[in-house]
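If you want the building blocks of each chain, they are given just below.
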Amino acid sequence: QNLNDYKLWLKYNKIENHDLSQAYSKTTNAVYIANIGDIIKNAKRELSLALPQMLGTQVTYESSITSETTLIIDVFNNLPEDLKLAVKKNIENINKEGFIIQSISRNNTPLTIITSKEEIGLLYGTFRFLREMQMHENISAKTIVDSPKIQLRMLNHWDNLDRSVERGYAGFSLWNWQKLPEYIDQRYIDYARANASIGINATVLTNVNANALVLTPMYLEKVEALANVFRSYGIQVYLTARFSAPIEIGNLETADPLDKNVQEWWSNKAAEIYKRIPDFGGFLVKANSEGQPGPQNYGRNHVDGANMMATALKPFGGNVIWRAFVYSEHDDTDRAKQAYDEFLPYDGSFKDNVIVQVKNGPIDFQPREPFHPMFGAYKKTPLAIEFQITQEYLGFSTHLVFLPKLFEEILDIDTYQKGTGSTIAKIIDGSLYGNKLTTMAGVTNIGTDLNWTGHPFAQANWYGFGRLAWDPNLNSGQIADEWIRTTYTNDKAFVEPIKKMMLTSREAVVNYMNPLGLHHIFDTGHHYGPGPWVDDLGRPDWNPVYYHNADKNGIGFDRTTSGSNALEQYAPFLEKAYSNTNTIPEEYLLWFHHLPWDYKLNNGEILWDGIALKYQEGVDQVDDMIKTWEAAKPFLNEEQFNEVHMLLQIQLKEAKWWRDACLLYFQTFSNLPLPKGVEKPA
Ligand code: GCU
């Protein structure tokens, strides 16, 4: 791994173009930066790191605004009257975390203003200013008025206290519990910088499969130390709360949410935490899911459990984020239906500081899923969307897959639950149903690897998640563009082909793993390679055969009225469109339909041929990615080039493995030859 990759998208490479460098030097010649708190100190630190690197000059800071000042960074209320007037119109268009970057002429001198309503906006504005420079944009020629559209832009770490990371493929957990609280690793600061630079403002430090010990004083002291670092970057800390904690660390006999002692225990625990961390965010809870304890162990329901914790946190302004990732081995209903069935009756029954967190799809972070039917159906309770940035089902940190393409696809989908235009983005940002709490969560892909994410291109998934949490209407192409230019170079000859490679990479992985709506045909446990033949797990809903249902008659999961009727959980318009094989988008075909091998696809191919050709297409796409990378060699140093090149070779080998394994297996049912154009398995 490349040492330079540690710097992520904050590389601040030297600007070689003389005119540009001169122009930026002029803008940053005399900087006035208000001294109003710890957050702005970090903005100043970032400028002092970035500007000398990019421009080769030291920054001169002024202690007050003078006629020489070229750049002002201060909140609106502190600005001199004439400057207030200049930015007034724009200030009305930002929220409390937003910012304005505006250039004006003052006494015939060009002046750039970064301003906001609150201190945090200045940090975001400064990072944006620096990004514009990294992207060689003409800052003084434009006015940037920007605010986050979602309140909680949150990372979920699945980090255990022993520093292993569930579904983590980039080394160990960043949190060095043994050395905390005294030892503050520089990495915590760089983690906070990276997050703040893209607007992430909350982090859950621990795994949803929670260990109650993190709520004991010994650990809370360490959590407090982390919170102290993150606070000055605008990041709030959350913890996962194990439902049975009152028994495990509180010596109670029960964790029944209606038991007075249990309620009191959680209230005391909340008070204890807030005493240390006054801006603590709250709890993320996985309950009665995959063996985790929960209110149902005591004959209670999700509302009882969530509201009990919400009551404990409420006096301190904390939230409960209650996950809806539930499905039971004792229930033979289609797994894709269970969360909706179980949670729908509770819509509106939760306290106002409860957020229900729903994965983007109804199964589990597959390369492609239709959206989770709770989106749009849940109207009164705020929903958080949970994306997975770590690539559990998408080739770990070995395969190059640009996920913002997946995130964007989901956010743009119209659920039709409140007429046309009921997109998931509008549900998540609160604009559709007017929810007060808005949240986007991403299960992170970060660890102790030198480059943070294992695969250098997986950094783009962290970056892209943050950008979309800031603004769910952003386009994945723009995100790729920003990331490439800040991470590598602004040279079009590099940017354009690499962007194209990134934007096709998601479809490639769908093609070589799970084409045409196939899903969950991964090998047991690790979810890395193919395992469509697996049929012997204790829980039938973990067996791939449960999901593809291949037999001599055909393949696919019938979720229409003749099958599980999962389609009834979608709005009537989609239910109808998806029920009909002529109107369903083909990428969802086998998710909702069981079809004969000779079923005719839109392009006239029979289903068997179509599946086989998709697998081949996926392999060919990876082949093309390698060619693109090879052509980009002149822009890369040897290490950079080789690292991704080696990873792409593995990806190609494994794309073929997927293709051959799945086709050889499915062929035992279809009994049909491979169509022309599909490489014969070796
Ligand atoms: C998946 C994943 C688990 C994780 C679970 C969850 O099933 O494989 O490791 O705990 O999701 O989201 O709770």
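Residues numbered from 1 in each chain as written. Predicted model: local features only at pLDDT ≥ 70, side-chain atom pairs only at ≥ 80, totals over all residues.

Participant: Is there a simple way to think about the sheet that holds strand β4 (residues 99-106) in this case?
Facilitator: Strand pairs in the sheet, formed through backbone hydrogen bonds, run parallel or antiparallel to each other. Strands sit in the order β2-β1-β3-β5-β4-β6 across an open sheet of six strands; the sheet is mixed. Every interior strand has two partners, whereas the edge strands, β2 (60-62) and β6 (144-146), have only one. Recorded for the sheet is a direction-independent mean angle of 25 degrees between the axes of neighbouring strands. (Pairing = 2+ DSSP bridges. Helix = DSSP H or I, 4+ residues; strand = E, 2+ residues; numbered from the N terminus. Axes fitted to C-alpha atoms, helices over the stretch in contact; angles between N-to-C directions.)

Participant: Help me out: how do you make sense of the nonpolar core in this one?
Facilitator: The nonpolar side chains of a soluble globular protein tend to be buried with one another. One finds Val-285, Met-309 and Val-320 to be the most contacted residues of the largest nonpolar core, which totals 209 residues. The contact partners of Val-320, leaving out residues within four places of it in the chain, are Gly-282, Phe-283, Val-285, Ala-306, Met-309, Ala-310, Leu-313, Asn-353 and Val-354. (Core = buried A, V, L, I, M, F, W, Y, C linked by C-beta atoms within 7 Å. Buried ≥ 20, exposed ≤ 12 C-beta atoms within 10 Å, placed from the backbone. Contact = placed C-beta atoms within 7 Å.)

Participant: Help me understand the sheet that holds strand β11 (residues 319-323) in this model?
Facilitator: Strand order in the closed barrel formed by eight strands is β7-β8-β9-β10-β11-β12-β13-β14, and the pairing between neighbours is parallel. Here the strands of the sheet are splayed against their neighbours by 25 degrees on average, with no regard to which way each runs. Across five bridges, the pairing between strand β13 (residues 383-388) and strand β14 (residues 439-443) is parallel. Residue pairing for β14: Gln-388 is matched across the bridge by Val-443. Packed onto the sheet, helix α6 (residues 217-231) meets β8 (202-204) and β9 (236-240) and runs at close to 150 degrees relative to β9. Across the sheet, helix α9 (residues 302-313) touches β10 (282-285), β11 and β12 (354-359), and the angle it forms with β11 is around 160 degrees.

Participant: What am I meant to see in the UniProt feature "active site" (unreviewed entry) in the protein here?
Facilitator: UniProt's entry tags Glu-290, Asp-364 and Glu-392 with the feature "active site" (unreviewed entry), counted in the numbering of this structure. Within the secondary structure layout, Asp-364 lies in the loop between β12 and α11 (374-377). With respect to the secondary-structure elements, Glu-392 resides in the loop between β13 and α12 (404-412). The residues contacting Glu-392, other than those within four sequence positions of it, are Arg-167, Phe-365 and His-527. (UniProt positions renumbered as here; feature names shortened; annotations may be inferred.)

Participant: Any chance you could explain the UniProt feature "domain: Glycosyl hydrolase family 67 catalytic" (unreviewed entry) in the protein here in plain terms?
Facilitator: Those places that UniProt annotates as "domain: Glycosyl hydrolase family 67 catalytic" (unreviewed entry) correspond, in this numbering, to residues 133-452. With 28% helix and 13% strand, residues 133-452 has end C-alpha atoms that lie 24 Å from one another.

Participant: Would you mind showing me how to read the site of the ligand here?
Facilitator: Looking at the ligand, the residues that line it are Glu-166, Arg-167, Val-208, Asn-209, Lys-286, Glu-290, Phe-325, Asp-364 and Glu-392. Broken down by class, the residue content of the shell around the ligand amounts to two nonpolar, one polar and six charged. (Near = placed C-beta within 6 Å. Nonpolar A, V, L, I, M, F, W, Y, C, P; charged D, E, K, R; others polar.)

Participant: Hey, could you run me through the pairing of β14 in this one?
Facilitator: The two faces of the sheet receive side chains in turn, since in a regular strand these alternate between them. Counting buried positions along β14 gives five out of five residues, so the element sits mostly inside the fold. Note that strand β7 (residues 152-156) and β14 share five bridges and pair parallel. Within the sheet, the bridge partner assigned to Met-154 lies in β14 and is Ala-441.

Participant: Even after reading the chapter, I still don't get the packing of helix α15 (residues 476-487) against helix α16 (residues 492-513), so can you show me in this structure?
Facilitator: Angle between the axes and distance between the axes are the two parameters that describe a pair of packed helices. One way to put it is that α15 packs onto α16 with a least axis distance of 10 Å and a crossing angle of 130 degrees. By the angle class used here, α15 and α16 are oblique. Relative to α16, α15 is oriented so that their crossing is right-handed. Here Ser-476, Gly-477, Ala-480, Asp-481, Ile-484 and Arg-485 of α15 lie close against α16, whose contacting residues are Val-495, Ile-498, Lys-499, Met-502 and Leu-503. Its residues assigned to classes, the contact of α15 with α16 shows six nonpolar, two polar and three charged. (Parallel < 35°, antiparallel > 145°, perpendicular 65-115°, else oblique. Left-handed = near helix turned anticlockwise from the far one by under 90°.)

Participant: Explain the pairing of strand β1 (residues 30-33) to me, please; I cannot follow it from the model alone.
Facilitator: A two-sided burial pattern is seen for β1, the buried positions comprising Ala-30 and Tyr-32 on one face and Val-31 and Ile-33 on the other. Taken together, the three bridges between β1 and β2 define a ladder with parallel strand orientation. Looking across to β2, one finds that Val-31 is bridged to Tyr-61. In this view, the connection linking β1 to its parallel neighbour β2 by way of helix α2 (residues 38-55) has right-handed handedness. Note that β1 and strand β3 (residues 71-73) share three bridges and pair parallel. Bridge pairing in β3 places Tyr-32 opposite Ile-72. (Right-handed = clockwise from strand over helix to strand, strands pointing away.)

Participant: Explanation requested: unusual backbone geometry in the structure shown.
Facilitator: Excluding glycine, most residues fall at negative phi; most peptide bonds, likewise, are trans. Following Leu-180, the chain continues into Pro-181 via a peptide bond in cis, with omega recorded as 5 degrees. The phi angle at Arg-163 is positive, at roughly 75 degrees, despite the residue not being glycine. A positive phi is found at Asn-288, a non-glycine position, where the angle reads about 50 degrees. On the secondary structure map, Asn-288 appears in the loop between β10 and α9. In this structure Asn-288 comes out as buried when scored by C-beta crowding, with 21 C-beta atoms within 10 Å.

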